[in-house]
Structures are given as C-alpha cells and as structure tokens.
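Results of the structural survey
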Amino acid sequence: MDPQTCLKTTLKNKYQKLKEAYSENSLLPSRLCYPNLKHNLASAKLSQHEFRYVDKSDLHTWHVSQTVPLADILSCDCKHDRRKRTVITLGVCGVGKTTTVQSCALDWAEGKGYHDIHLLFPLTFWELSLIKDKLSLIELIHTFYPELKELDVYSLNENNVWFVLDGLDEYCLPLNFSSPTVSDVSEVSTVDILVTNLIRGNLLPSAHIWITTRNAAAKQIPDCFLLKDTEVQGFSDEQKEQHFCTVIGNDDLANKAIDHVRISKSLDFLSQIPAICNIMANVLKNLVKADDGFKISRLNLTQIYAKLIKASNPDTLAKLKKLALLRLGEGNVMYEYDLQKSDISVEEASAFSKECPLVLREERGLHNTAVFRFGHSSIQEFLAASAKMDDFEGKSVLSVSYRNLVDQALQTPGGHSDVFLRFIFGLIKERGMFETNDRLFNYTKKQILDNVLYENAVGLLHALREYDSQALLCEVKFFLKFGSSPILDVKPMQWQFMIPRIRAFEGMKEIFEMEVSTRCDERLLRQLPAILKSKTAMLRFSNLTDKCCPALAVVLSTRQSYLRVLDLGYNSISDDGVRKLVEGLSDENCRLKTLRLQGCGVTAHACEYLATALEQAQKLQELDLSMNEIGDDGLQHLANGLRSPDCQLETLKLSQCNIEQKGCYHLASAVQKDPGHLKVLDLSINMVRDKGASELFKKLDITKLTKLEMYHCGLTVLSCGHIGEALKYETSTLVELNLSNNELKDDGFELLCEGMYAWCSLEKLNVSRCGITGRGCMYLAKVLCSVSQLYSGLMQKTDWQAVELRNLDLSMNCLGDRGVREISAGLQNPYSNLKTLNLSHCSLTDDCCAELASGFASNESIISEVDLSGNDLQDKGVRKLCVGLRSPQCLLQKLSLRSCGLSSRSIQYLTAALRSNPQHLAELHLMGNKLEDSGIRVLMDLTKNQQYTLHTIDVSAD
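Residues numbered from 1 in each chain as written. Predicted model: local features only at pLDDT ≥ 70, side-chain atom pairs only at ≥ 80, totals over all residues. Heavy atoms only, no water.

Helix and strand counts for the protein come out as 40 helices and 25 strands. Dimensions along the principal axes, computed over C-alpha positions, put the protein at roughly 110 × 70 × 50 Å. Partitioning the contacts of the protein with sequence separation of at least 6, the portion at a separation of at least 24 is 81%. Working note: accessible area of the protein is about 40,800 Å², and carbon and sulfur atoms make up 48% of it. Charge separation in the protein, taken as the distance between the mean sites of 107 positive and 119 negative side-chain charges, equals 3 Å. (Helix = DSSP H or I, 4+ residues; strand = E, 2+ residues; numbered from the N terminus. Contact = heavy atoms within 4.5 Å. Areas by Shrake-Rupley, 256 points an atom, 1.4 Å probe, with all protein chains shown as cover. Lys, Arg positive; Asp, Glu negative; His and termini not counted. Charge placed at Lys NZ, Arg CZ, Asp CG, Glu CD.)

Moving on, we get to the pairing of strand E4 (residues 161-166). With six of its six residues buried, E4 lies for the most part within the structure. Here six bridges tie strand E3 (residues 119-124) to E4, and the two strands are oriented parallel to one another. Opposite Pro122, over in E4, you have Val164 as the bridge partner. Alignment of E4 against strand E5 (residues 208-213), held across five bridges, turns out to be parallel. Looking across to E5, one finds that Phe163 is bridged to Ile209. Since E4 and E5 lie parallel, the crossover through helix H9 (residues 191-200) that links them has a hand, and here it is right-handed. (Buried < 20%, exposed > 50% of the residue type's maximum accessible area, 1.4 Å probe, protein only. Pairing = 2+ DSSP bridges. Right-handed = clockwise from strand over helix to strand, strands pointing away.)

Moving on, we get to the sheet that holds strand E6 (residues 226-234). Strand pairing within a sheet occurs via backbone hydrogen bonds; the two strands may be parallel or antiparallel. The strand order across the open sheet formed by six strands is E1-E6-E2-E5-E4-E3, and the pairing between neighbours is mixed. Bordering the open sheet on either side are strand E1 (31-33) and E3, each of which pairs with just one other strand. Averaged over all adjacent pairs, the angle separating strand axes in this sheet is 20°, with direction ignored. (Axes fitted to C-alpha atoms, helices over the stretch in contact; angles between N-to-C directions.)

In this structure, Phe121, Phe163, Phe244, Tyr402, Ile424 and Phe425 are the most contacted members of the largest nonpolar core, which totals 162 residues. Leu585, Leu649, Ala726 and Ile823 belong to the second-largest nonpolar core, a separate cluster that totals 138 residues. (Core = buried A, V, L, I, M, F, W, Y, C linked by side-chain atoms within 4.5 Å.)

In this structure, Asp343 takes a positive phi of about 60° despite not being glycine. Relative to the helices and strands, Asp343 is located in the loop between helix H16 (336-340) and helix H17 (346-355). According to the relative accessible area criterion, Asp343 is exposed, its value standing at 58%. A positive phi angle is found at Asn741, which is not glycine, with a value near 60°. If you trace the backbone, Asn741 turns up in the loop between strand E18 (736-738) and helix H34 (745-758).

What follows is about the environment of Val191. With respect to the element layout, Val191 can be found in helix H9. When its relative accessible area of 3% is taken as the criterion, Val191 is described as buried. Sequence spacing of Val191 and Ser129 is 62 residues, and the spatial spacing of their C-alpha atoms is 8.1 Å. The contact partners of Val191, leaving out residues within four places of it in the chain, are Leu128, Ile131, Leu135, Leu140 and Tyr171.

So, on to the sheet that holds strand E9 (residues 370-374). Taken in spatial order, the three strands of this open sheet run E7-E9-E8, and their pairing is antiparallel. Edge strands, defined here as strands with exactly one partner in the open sheet, are strand E7 (333-334) and strand E8 (360-364). Bridge count between E7 and E9: two bridges; the pairing is antiparallel. Along E9, the bridge assignment pairs Met334 with Phe372. Those strands touched by H17 are E8 and E9, and its axis lies near 115° from that of E8.

Assignment of secondary structure puts Asp954 in strand E25 (residues 952-954). Of the polar contacts made by the side chain of Asp954, one reaches the side chain of His925; its length is 3.4 Å. Sequence-distant contacts of Asp954, that is, excluding residues within four places in its chain, are made with Arg898, Leu924, His925, Leu926 and Met927. (Polar contact = N/O pair within 3.5 Å; in protein donor to acceptor, adjacent residues only side chain to side chain.)

In this structure, Asp291 sits in the loop between helix H13 (274-285) and helix H14 (301-309). Sequence separation between Asp291 and Gly167 is 124 residues, and the spatial gap between their C-alpha atoms is 45 Å.

This part takes up the packing of aromatic side chains. The description of two aromatic rings rests on the distance between their centres and on the angle between their planes. Tallied over the full model, the rule gives 16 aromatic pairs. Between Tyr305 and Phe382, the ring centres sit 5.9 Å apart and the planes meet at 85°, which makes this aromatic pair edge-to-face. You can see Tyr305 sitting in helix H14 and its partner Phe382 sitting in helix H18 (residues 377-392), a full 77 residues away along the chain. An identical accessibility class is assigned to Tyr305 and Phe382; each is buried. On the basis of an interplanar angle of 65° and a centroid distance of 6.2 Å, the ring pair of Phe425 and Phe441 is categorised as edge-to-face. In this pair, Phe425 is assigned in helix H20 (residues 418-431) and Phe441 in helix H21 (residues 439-450), connecting sequence segments 16 residues apart. Each member of the pair Phe425 and Phe441 is classed as buried. Taken together, the ring pairs in this structure connect Phe392, Tyr402, Phe425, Phe434, Phe441 and Tyr467 into an aromatic cluster. Sitting over the ring of Trp108, Lys8 keeps its end group 5.0 Å from the ring centre. (Phe/Tyr/Trp six-rings, centres within 6.5 Å; stacked < 30°, edge-to-face > 60°. Lys NZ or Arg CZ within 6 Å of the ring centre and 35° of its normal.)

Glancing now at empty space enclosed by the protein. According to the stated counting rule, one finds five cavities of 30 Å³ or more in the structure shown. Each pocket or cavity is described by its volume, and for the largest cavity that value is around 60 Å³. Lining the largest cavity, in full, are Leu885, Cys890, Leu892, Leu910, Ala913, Leu914, Asn917, His920 and Leu921. Classifying every residue of the lining of the largest cavity gives seven nonpolar, two polar and no charged. (1 Å grid on protein atoms, 1.4 Å probe; cavity = no way out; pocket = protein on both sides within 12 Å on 5 of 7 lines; lining within 4 Å. Points joined across faces, edges and corners; volume = space filled by probe spheres on them. Nonpolar A, V, L, I, M, F, W, Y, C, P; charged D, E, K, R; others polar.)

Let us now look at helix H7 (residues 137-144). Turning to H7, its buried residues number three or more, namely Leu137, Ile138, Leu140, Ile141 and Phe144. All buried residues of H7 project into a common sector of 160° when viewed along the axis, lining one side. The inward-facing, buried residues of H7 abut E3, helix H6 (125-128), helix H8 (153-156), E4 and H9. (Arc of directions from axis to C-beta.)

Right, let's talk about a nonpolar patch on the surface for a bit. Together, Leu453, Tyr454, Met493 and Phe497 give the surface a local cluster of nonpolar side chains, amounting to about 460 Å² of exposed area. The residue Tyr454 is located in the loop between H21 and helix H22 (455-467) in this model. (Patch = residues over 30% accessible without salt bridge, like charges linked within 9 Å, V, L, I, M, F, W, Y side chains within 5 Å. Salt bridge = Lys/Arg side-chain N within 4 Å of Asp/Glu carboxyl O.)

The next point concerns H21. For H21, with twelve residues, the first-to-last C-alpha span of 16 Å sits near the 16 Å given by 1.5 Å per residue. Here H21 has its buried residues at Leu440, Phe441, Thr444, Lys445, Lys446, Gln447, Ile448 and Leu449. Buried residues along H21 sit against helix H19 (398-411), H20, H22, helix H23 (473-482) and helix H24 (492-506). Capping of H21 at its N-terminal end is provided by Asp438; its side-chain oxygen lies 2.8 Å from the backbone amide nitrogen of Leu440. (Expected span 1.5 Å × (residues − 1).)

In this section: the pattern of salt bridges. Across all of its chains, the model carries 44 salt bridges by this definition. For Glu348, the salt bridge is made with Lys319, and the minimal N-O distance between the two is 3.3 Å. Highlighted residues: Glu348 in helix H17 and Lys319 in helix H15 (residues 314-326), separated in sequence by 29 residues. Asp747 is the salt-bridge partner of Arg775, the closest N and O atoms lying 3.3 Å from each other. Of this pair, Arg775 sits in helix H35 (residues 774-784) while Asp747 sits in helix H34, placing them 28 residues apart in sequence. Among the residues examined, Arg775 registers a relative accessible area of 31% and is labelled partly exposed. The class for Asp747 is partly exposed, based on a relative accessible area of 40%. Among the ionic contacts, a cluster of salt bridges with common partners joins Arg540, Asp567, Arg596, Glu622 and Lys653.

Applying the stated criterion to the full structure yields zero disulfides. Of all cysteine sulfurs in the structure, the one in Cys890 sits closest to Cys882, which takes part in no disulfide; the separation is 9.7 Å. (Disulfide = S-S within 2.5 Å.)

Let us now look at the confidence of the model for the protein. Atom-level detail of predicted coordinates should not be read off regions where pLDDT is low. Of all residues in the protein, 94% attain a pLDDT of 70 or more, and the chain-wide mean is 89. Below pLDDT 50 for its whole length, residues 788-802 participates in 31 contacts with residues either more than four positions away or in separate chains. (pLDDT = per-residue confidence, 0-100.)

So, about the environment of Ser178. Structurally, the position occupied by Ser178 is in the loop between E4 and H9. A residue is classified by how much of its surface remains accessible, and Ser178, at 67% relative accessible area, is exposed. Considering only alpha carbons, one finds Ser178 and Glu241, 63 residues apart in sequence, at a separation of 48 Å.

This is the structure in structure tokens:
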C-alpha cells in the first residue's frame, strides 16, 4: 500500500470517533480568518488573559474579521522559501483549534477536500512531550504512524507535504531557535530540536508547516519564519443558535435558553467559544421549561458553572478544587503525576470524566498515555476560586482577605486574575456571605473608578457585576441627576469616563428595528434580549400579531429592561393582544413611557384593559391609539383610567378614532380635575363638532396644554371663542395649535387673532383650509405687528412689534393678493420670530410678489422657509421674488414653487439671484412647471459648486 493511501486509512480510523461526535452533537467547526491587523507575536498583549480577546462588553463597537475557508489558508500553491513557510493559527482555549485540525485531517483522509495535499501528518505537542529519547524525523513519524512502513525520504521530499503541529501551548519545553542545525531526516536529535528545524526550513525545505496555539505561546516563534498569520473566531450567532437547538432538541426551548445568555452582553460574547457555549446549552437545557412563558432570568457565569458541577462526585470534586488552585496559571493538560499531587488516581479521574465530561475530559494518545483537561480553562478558575473561598472560611477578617484579592488582581499584569476574582465575587453571592453594604463592594467600586482609564477596571467591573448585575448603575444615575459623586473622593471626571463604559457593559442601544425582509412574530421572539436592551423598539409595519404580545409583556415587566418607547403601529394586534400587553404595563417593574398602537384595529374593549394600565403604569407618559375604532365607548373606558390620581399621562393621541360629542363629555369629565399632567391632546379627524368641543373646553383648561390637534373635527366660529380666550391668558403654555380643515371662516380666525394679539406664546399655528380670505389677513396683520412678550417691558415702545409665532400655515385658503399685502408689513417686523410660512394654494398672482420680496429682504428678517406652490405666479412673479432673494439680508433656505406656471425664464432669474446671494438657499422645489432640460442643468451645476449652499433641486414632473 502506498504511503498516501496507508496514511489516509490510518487517519480515518483515528478520527472516526470525531465523525460520530459530529453527527451526534453537531459541535460545529469554528471559523477562521486573517486578523484585521497582523499579530505582533512579541507583544505583551498576547500574554494577557484570553477572556480579554473574547469579551468586548466594555466596547460600543468592535471589528469582526471576514472568515476565510481553511482550504484557502492551507492552499499548497502559496509560494514560500525554506525559512518562511509556517502557517500559524491562534485561538483562545476551547475555541476549536484542535477540532479544526482533526476535521481537516478527516476530510483529507476521506477525499472530501484538500485534494492538492499529498501527505498530511497531524501531531500534537502534548504527545510530543512524552518522547524523551533522541530520534530522527523519520523515526518520529513512524512512532506516531507505525503503519507507514513504506514511508521513505523520497516520499517526504515530494511537493505538498504538510506537518500539522497542534497545541504549541501544551508543549513542555520551550522552543530554542538557536539550537543545532538538523537537515537530514535520518539524523538523530531531541524532539524540540527536530521541531525547530522543521520550522526553520532546515528539515524538508519543500514541506509546509501548520501550527495551532493559544495566544501566549505564539511569541516563541520568530516572525521571520511565518508565512501566514490566522486566528480562530469561534461561533457566529447562527452557530450558537444551531448548537443550542442541537443540545436541547426543541427549537422553542432553545430560543428561550439562548435568551438567558443574550440578556448578558458578557455571556453572549463568551458563548462564541464552543466549549463554553456547550456548557451553557447543557446547563440551560435543564432550566428552561415549556410552561415558563417568555420569562427571562439573568444568570451570571458563576451560577451556570455552579449548576454544572452540582451533581458531581463531591469527594473527587473537592480534590479537583485543590488541584485547580494548585495549578492556577499553569497549562490545562494534566498528566498522572499532576493528579497524584492532589491524591487523585487515573482511575478516579477517568470515572469522574465519564460522569461529568463537561468538567473534566480524558484523552489518550501515544503509548495509550492518559491525560486530563478541565472542560475549559475557566472551569479550572471556577474550581480554584471555590477552593480559595474554602480556605478563607473561619477567618476573622474575611472582608479584608477579599479586599486583598482585589488589590492582587489590580497588580497582576495582563488581567490573569480577572476571571478568578470574577468567580470569587459570584460565589460570595451564591453563598450569601456579605451584605450589599459591606466595605468590600464600596472598596471595589472606588478601585474601578480610580482605574477607570485602564483595562484593570474592566476586570474589576466584571467581578463586581458577577455579584450585582446592576453594579454602579444607581451611582451613575445619581451622578447624572445631581451632578455630585455618591462615592467619597471620586472626581466628576472619573464619572464622565465611567458613564459610557457602564452603558457599553449593559449593551444599551438607542433603537431596535427588524430588517424589512424578516419582520414577523417568529423573528421578534428570537430577539427579545435586543429589545430589552433598547430604549426604543420601532416595530410598526412588522407583520406582528397577538402572538408577540406575551413576550413583549415579559420584556416590559423585566427589571433590567431599558425599553421606554414601544411602537407597535400598523400591526394586527387585537383587543386580546392589548390585554396581554397590559399585564406587562401594569407590572411594578415596567418603566415604559410611550406606547403606540396606531392603526392596529383595536376596539373599545382594548380601552378597558388600557384603563387599568393608566391607573397602575405610573411611568406611562404617552398613549397613541390613532386610527382605531374605539369610539365614544372606548374613550369612556380610557377616561376611567385618566381619572385616577396615579395617572401620569402627558400625551394622548386619538386621531381618527370615531369619537363624537359623547366621547368629549367623558374625556372632559376625566380631565376636569387633572393636576396638569396632560400636555398634548390630538382629537383630529373625529366629528366632535362644536358641541363636543364646547363640552371639552368647559372643563379642560387648554392653557395647560402645550399642543392641541383638532384637525378636521367639524368646528366652526362657535369653537373659536373658547380657544381665543385661552390664548389671552398670560399663564398659557400652548405653543402648537392645529385647527386645519375646519370651517372657521374669517370670523372664527378673527377670534383666534384677538387671543394672540392680547397675549400669546403660540409658536406654531396651522389653519390650512379653514375658509379664510383676505379679510382674515387684516386680523393676522395686527398680530404680526404686535410686541412679543419676550420684549415687552424690556424695550421702548416702537412701531414694530411681534409675537412668538415661528411657524404659520395658511395654505388652501383664498387669501388672494390682497391678503398677502395685508400681512406683508408684519413680515418686515425686525422683532418677528416667524421662520416658516406656508401660502401654497392661496389664489396668489404676481401682484403680491413684490411685497413678499420686501419681507424676505428686510433687515434682520429670519424667514427661512416659504411655500408658494399652487399659485399662478408666472415668470413675472418669480422675477419680483428674486429682487428679495438676491439681497444679502435674505436668509431664505427653502423655497417651494411647485406648479406655479413657470418656464425656463424663471430659472434665469433664480440663477442670477443665487449668484448674488449664494450662501443661504439650500432647497428649491420646482416640480410641476414647464422647464427645459438646459435650464435644469444650470441649476444642477450650482449644486455641485461649493460656492453655493444649494444642494436639493426638485424638478420632477407631476
């Protein structure tokens, strides 16, 4: 049998158990990549604790390298000289380096891949450590592969021969690259010298070398011998989910289990390590139940490991704890003589490994030698921490002993005591050893803040949060609220640095949204931890149904939830779904401030449940039920909740809810004794009419509102009297009023203007499509020329005066040129606050454009946005407007002239004006006019010229 066929048969037999393990457990091979920055193998950073590479909880963003197929990394066509031919793959403990090597060897042996490789020799460093005698390279290969009797020097010198040396960190001897040269495969030497000569290219110069190692050991190999630098990334999010599903055997339970992991940013990162992911999946398999609903329990790493060893043999476990503490900081491979130090026999260890394979693993290799490893290096640290605490028991100054451990962790380079201390704090909690006000915890907080700019603080924060998942959150909130430190001798600057770090640890996000293509209940149910960590969940138009409501209720009732805004608009949420949501809203832990259910199809029955929430959810400030057929009955139910003294609602939006006069009566009676919480009320597109509005205004003090929306409510002049009177009050806080699409007419507008003239803090007024004519503008002119309350008493009386009005919408009223001429004097008021003016579709012509231009160009004018669309201005009107536009005093930023009967001649006027005053106008809307392409190109060229502020041109056809 030729050497290749013989070697493949040997490897298939050797790794057949691995193949079976894959089919049973689906422990997926990890992903490989080229690091974003080539490793500096001499760097001290490679010697730091491995959790620092994996757990990026303290960062807001991090780089993810692109994965590369192993076949590309091991491509034999890569050119190398005899010295620079080694591919090195780095990876933390348990990330899958050995699994990758073994699966590669099995795929090659079975002909499934790596077809260009001629011979592949996998060797493990821990087995190489067993060979004490001198031997040649050919003898070394025969030692591991005695079946290769026909292997000779000629075969080894062929192209595409690979030596795979797995686990450099497990080699007992240091590699000495100044060792004697060995170039003959028959020359006898020690194993370490043979290995270094293979790497140096003295032995088999045509061969390829692939070495895997944990990070710290990589610095043994000089960079001059390395051809490729790669690393193992561990599981992706999809692989984590797949592995949880495989272990647990039920997709729904697996999703619940992984939610317990993802609620902790640190555990989510650590679960990238397949070994730790496997531990988590197996522990949580016994915790999650089908009848638990969507309840998410926040477990820490200590609790997971404590549950893992709970059923272990107590006698052997006690010995392993002592062994773990004795070997802390040493390698993970334990030989028979290592076990004997803690009075553990190979037989006892072997029996324990079969009972608890996730805690202790047995492996047999060369000469049937047995070695043992902890399931992961972090398990050793957990057991060592437990042993240390056992040693401390009975000491009179217990707290002092633990403070000394905190000091030691700060002084240990590379964070090598971080995880050990993390388990110490976790076990303190599990054993209930100290009160939360013990000096140990305040001391640790002070040390974190004193070292906040250093990595040491990250390790301490992990430890403290193992005891209390909310550690330092209360102190941060206190500092943000009062501006002073809740801890003695801590400066404000230290807190300023601490705030973003705490937010990063918490994994807080501003907004959660699902991708459009994946919006559904099932997808949402798999992202509950992400929703829980977000301030806003934007879930409108997400194809959601009642199925998601119990899960969202759990998020709302979870103490660790950061969700403050929940937007479920335009989903199929029924009354029953609302009932389930209210269970979470009514929970004492709920801190939701805004709930939006617009367009969900809920009815009056849902309002019964929401009334309960209004009574009990004291944090709820905004409720949006717009576009739901709740009717007067629904509003009556809501009124019961609004009437509660515990109701803190500030914004109520009920637009298009089929509410009429009776509903206004219920609402008015509820808010009659309102202490002033309600600030925003939207009743738009409800036919409440004057009688309904009258019922409301009799009992609702609208001067306490900041915004009132009653668009398209069937109002007339009869309703304007109440509103106008409210505007006269000096104590009025109303700043935004929308009465558009009501038949107010000039008489109604007159009443509003009288209120604004007397005293008004109104900043935004929308009276679009209200039947106002040029006569109404006479009353408005008086308002626009009145003294602002900000100026009254602070300046001498002048002919020029102004109110606070900043945004005025008069669109779709037949004002005519006469109306504009009436208000033009107010536009020239130097004390005016008006910035936005909408005069679209107001029956204007070119006759009023000169007056408008004078308003734009007046001294100290601050008008920045004007809409004149839908008026027959013609080119003559634009020419007049451009007189004002070209003035350097004109600050106009947005001008809309859609469908104004313009031709390309208007572009000439506009272009000339812009050349005179290029620094302000940014948006120009000309859609719906007959413009030639040549003129449009001129304007487009201006947007490309940095001398002009203009960046948006809208010339689309209707």
